[in-house]
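# An overview of the molecular structure
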Amino acid sequence: MTRAKRSLAIVSMQDQHPILQDVAVTLLKRQITPNEAAGADGGLRYQTVEPHMVDLSWVGRQAASHPAHQALAEMQTGDRVELVEIDGRWLVRNCAGVTIGRMAQSYRPPDGWDCIRGEASAIIRWRKVDNAEEFHGTLRREVWEVVLPELVFARH
(Lines give C-alpha, C1' and ligand atoms only; values in the text may rest on other atoms or scores of the structure.)
Protein backbone atom coordinates (compact mmCIF):
# COMPACT_ATOMS: atom_id res chain seq x y z
CA MET A 1 0.00 0.00 0.00
CA THR A 2 1.38 3.41 -0.88
CA ARG A 3 1.57 6.32 1.49
CA ALA A 4 -1.01 8.17 -0.63
CA LYS A 5 -3.56 5.39 -0.20
CA ARG A 6 -3.08 5.38 3.57
CA SER A 7 -3.28 9.13 4.08
CA LEU A 8 -5.74 10.71 1.69
CA ALA A 9 -6.62 14.22 2.82
CA ILE A 10 -9.59 16.08 1.44
CA VAL A 11 -10.09 19.69 2.40
CA SER A 12 -13.51 21.19 1.98
CA MET A 13 -15.31 24.33 3.03
CA GLN A 14 -18.57 22.35 2.85
CA ASP A 15 -19.88 20.02 5.51
CA GLN A 16 -19.66 17.00 3.17
CA HIS A 17 -17.27 16.69 0.23
CA PRO A 18 -18.92 15.44 -3.02
CA ILE A 19 -16.26 12.75 -3.55
CA LEU A 20 -17.16 11.11 -0.24
CA GLN A 21 -20.96 10.96 -0.65
CA ASP A 22 -21.14 7.23 -1.46
CA VAL A 23 -17.95 6.05 0.23
CA ALA A 24 -17.68 4.34 3.59
CA VAL A 25 -14.71 6.04 5.23
CA THR A 26 -13.68 7.25 8.61
CA LEU A 27 -13.67 11.02 8.67
CA LEU A 28 -11.66 13.22 10.95
CA LYS A 29 -13.21 16.65 10.93
CA ARG A 30 -11.20 19.65 12.06
CA GLN A 31 -12.07 23.29 12.27
CA ILE A 32 -9.32 25.41 10.70
CA THR A 33 -8.75 28.99 11.72
CA PRO A 34 -6.78 31.10 9.22
CA ASN A 35 -3.51 32.56 10.51
CA GLU A 36 -3.91 36.28 9.81
CA ALA A 37 -0.29 36.96 10.87
CA ALA A 38 0.99 34.88 7.96
CA GLY A 39 -0.28 37.25 5.29
CA ALA A 40 0.26 36.89 1.56
CA ASP A 41 3.90 38.01 1.80
CA GLY A 42 4.64 36.18 5.05
CA GLY A 43 5.18 32.75 3.52
CA LEU A 44 8.12 31.05 1.92
CA ARG A 45 9.18 31.09 -1.71
CA TYR A 46 10.62 27.95 -3.31
CA GLN A 47 12.93 28.08 -6.32
CA THR A 48 13.90 24.96 -8.23
CA VAL A 49 17.10 25.82 -10.07
CA GLU A 50 17.26 24.89 -13.75
CA PRO A 51 20.48 24.23 -15.70
CA HIS A 52 20.51 27.69 -17.32
CA MET A 53 20.63 29.23 -13.82
CA VAL A 54 24.01 27.67 -12.91
CA ASP A 55 27.54 27.89 -14.30
CA LEU A 56 27.56 24.36 -15.69
CA SER A 57 31.30 24.46 -16.41
CA TRP A 58 32.55 25.81 -13.08
CA VAL A 59 33.43 22.38 -11.67
CA GLY A 60 35.00 21.34 -14.98
CA ARG A 61 37.41 24.29 -14.79
CA GLN A 62 38.70 23.31 -11.34
CA ALA A 63 41.98 21.46 -10.81
CA ALA A 64 41.82 17.75 -9.96
CA SER A 65 42.84 18.59 -6.39
CA HIS A 66 39.91 20.99 -5.83
CA PRO A 67 37.75 19.80 -2.89
CA ALA A 68 34.58 20.19 -4.96
CA HIS A 69 35.30 16.96 -6.85
CA GLN A 70 35.39 14.81 -3.71
CA ALA A 71 32.42 16.62 -2.19
CA LEU A 72 30.36 16.07 -5.35
CA ALA A 73 31.32 12.37 -5.46
CA GLU A 74 29.78 12.01 -1.97
CA MET A 75 26.75 14.21 -2.68
CA GLN A 76 23.24 12.73 -2.81
CA THR A 77 19.97 14.31 -3.85
CA GLY A 78 18.26 15.67 -0.76
CA ASP A 79 21.56 16.69 0.89
CA ARG A 80 21.57 20.18 2.38
CA VAL A 81 23.26 23.02 0.49
CA GLU A 82 23.56 26.73 1.10
CA LEU A 83 23.62 29.72 -1.21
CA VAL A 84 26.23 32.37 -0.39
CA GLU A 85 27.32 35.53 -2.16
CA ILE A 86 31.05 36.20 -2.42
CA ASP A 87 32.42 39.09 -4.46
CA GLY A 88 29.14 39.52 -6.31
CA ARG A 89 28.84 35.86 -7.35
CA TRP A 90 26.44 33.33 -5.86
CA LEU A 91 28.06 30.05 -4.79
CA VAL A 92 26.53 26.73 -3.77
CA ARG A 93 28.17 25.05 -0.78
CA ASN A 94 27.62 21.72 0.89
CA CYS A 95 26.93 21.36 4.63
CA ALA A 96 30.71 21.22 5.32
CA GLY A 97 31.18 24.62 3.65
CA VAL A 98 32.88 23.26 0.51
CA THR A 99 31.96 25.20 -2.63
CA ILE A 100 30.42 22.65 -4.98
CA GLY A 101 29.04 24.97 -7.64
CA ARG A 102 28.45 28.48 -8.83
CA MET A 103 25.31 30.11 -10.09
CA ALA A 104 25.24 31.74 -13.53
CA GLN A 105 26.59 35.26 -13.68
CA SER A 106 23.08 36.56 -14.39
CA TYR A 107 21.53 34.78 -11.38
CA ARG A 108 19.92 36.90 -8.67
CA PRO A 109 17.81 35.65 -5.78
CA PRO A 110 14.32 37.14 -5.53
CA ASP A 111 14.45 40.79 -4.39
CA GLY A 112 13.63 41.23 -0.72
CA TRP A 113 14.07 37.54 0.09
CA ASP A 114 16.84 35.67 1.96
CA CYS A 115 17.79 32.08 1.24
CA ILE A 116 17.09 30.21 4.46
CA ARG A 117 17.87 26.68 3.24
CA GLY A 118 18.51 24.55 0.20
CA GLU A 119 18.94 20.98 -0.88
CA ALA A 120 20.35 19.14 -3.86
CA SER A 121 17.27 18.68 -6.00
CA ALA A 122 19.17 17.04 -8.87
CA ILE A 123 22.75 16.12 -9.72
CA ILE A 124 23.47 16.12 -13.43
CA ARG A 125 26.50 14.92 -15.36
CA TRP A 126 28.03 17.55 -17.65
CA ARG A 127 30.69 16.87 -20.26
CA LYS A 128 33.37 18.84 -22.02
CA VAL A 129 31.65 18.10 -25.34
CA ASP A 130 28.45 19.72 -24.02
CA ASN A 131 30.24 23.09 -24.03
CA ALA A 132 30.90 25.36 -26.98
CA GLU A 133 34.24 24.52 -28.59
CA GLU A 134 35.76 27.92 -27.73
CA PHE A 135 35.54 26.99 -24.02
CA HIS A 136 37.20 23.56 -24.28
CA GLY A 137 40.63 25.06 -23.55
CA THR A 138 39.52 26.24 -20.08
CA LEU A 139 38.13 22.85 -19.04
CA ARG A 140 40.33 20.45 -17.07
CA ARG A 141 38.00 17.44 -17.02
CA GLU A 142 36.10 15.43 -19.59
CA VAL A 143 33.08 14.78 -17.32
CA TRP A 144 31.87 16.30 -14.02
CA GLU A 145 28.78 16.61 -11.87
CA VAL A 146 26.68 19.72 -11.28
CA VAL A 147 24.21 20.20 -8.43
CA LEU A 148 20.87 21.81 -9.22
CA PRO A 149 19.51 22.94 -5.86
CA GLU A 150 16.04 23.72 -4.65
CA LEU A 151 16.24 26.91 -2.61
CA VAL A 152 13.83 28.19 0.03
CA PHE A 153 13.54 31.92 0.60
CA ALA A 154 11.90 33.97 3.35
CA ARG A 155 11.18 37.70 3.34
CA HIS A 156 13.71 39.77 5.21
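Structure shown above.
Summary of the structure given here. Residue indices begin from 1 for each chain and proceed along its sequence in written order. Per-residue local features of the predicted model are confined to residues with pLDDT of at least 70, and side-chain atom pairs are confined, for both listing and counting, to 80 or more; whole-chain, interface and lining totals are unaffected and use all residues. Side-chain metrics in this entry use all non-hydrogen atoms of the structure; hydrogen atoms and water are not considered.

## So, the pattern of salt bridges
When their charged atoms lie close together, side chains carrying opposite charge are able to pair. Rules: Salt bridge, as used here: a side-chain nitrogen of Lys or Arg that lies within 4 Å of a carboxyl oxygen of Asp or Glu. Helix and strand assignments come from DSSP, with helices taken as H or I runs of at least 4 residues and strands as E runs of at least 2, each series counted from the N terminus. Residue burial is assigned from relative accessible area. The probe radius is 1.4 Å, only protein chains are included, and a residue is buried under 20% of its type maximum, exposed over 50%, and partly exposed in between.
Summed over all chains, the structure comprises five salt bridges. A salt bridge links Asp-55 to Arg-102; the shortest N-O distance between them is 2.8 Å. Note that Asp-55 is positioned in the loop between strand S1 (44–48) and helix H2 (67–74) and Arg-102 in strand S4 (residues 99–102), a separation of 47 residues in sequence. In this structure, Asp-130 and Arg-127 form a salt bridge, with 2.9 Å as the shortest nitrogen-oxygen distance. The exposure class of Asp-130 is partly exposed, given its relative accessible area of 31%. Residues joined by salt bridges that share partners form a network here, namely Asp-55, Arg-61 and Arg-102.

## Digging into the nonpolar core
What counts is decided by this rule: Buried residues of nine kinds, namely Ala, Val, Leu, Ile, Met, Phe, Trp, Tyr and Cys, make up a nonpolar core once their side-chain atoms join them within 4.5 Å. The criterion used for residue contact is that any of the two residues' heavy atoms lie within 4.5 Å.
Val-54, Leu-83, Ile-100, Met-103 and Tyr-107 are the most contacted members of the largest nonpolar core, which has 27 residues in total. Put simply, the parts of the chain that give this core at least two residues each are H2, strand S2 (80–86), strand S3 (89–94), strand S5 (113–127) and strand S6 (143–155). For this core, the leading source of residues is S6, giving six residues. When near neighbours in sequence (up to four residues on either side) are disregarded, Val-54 contacts Val-49, Arg-102, Met-103, Ala-104, Val-146, Val-147 and Leu-148.

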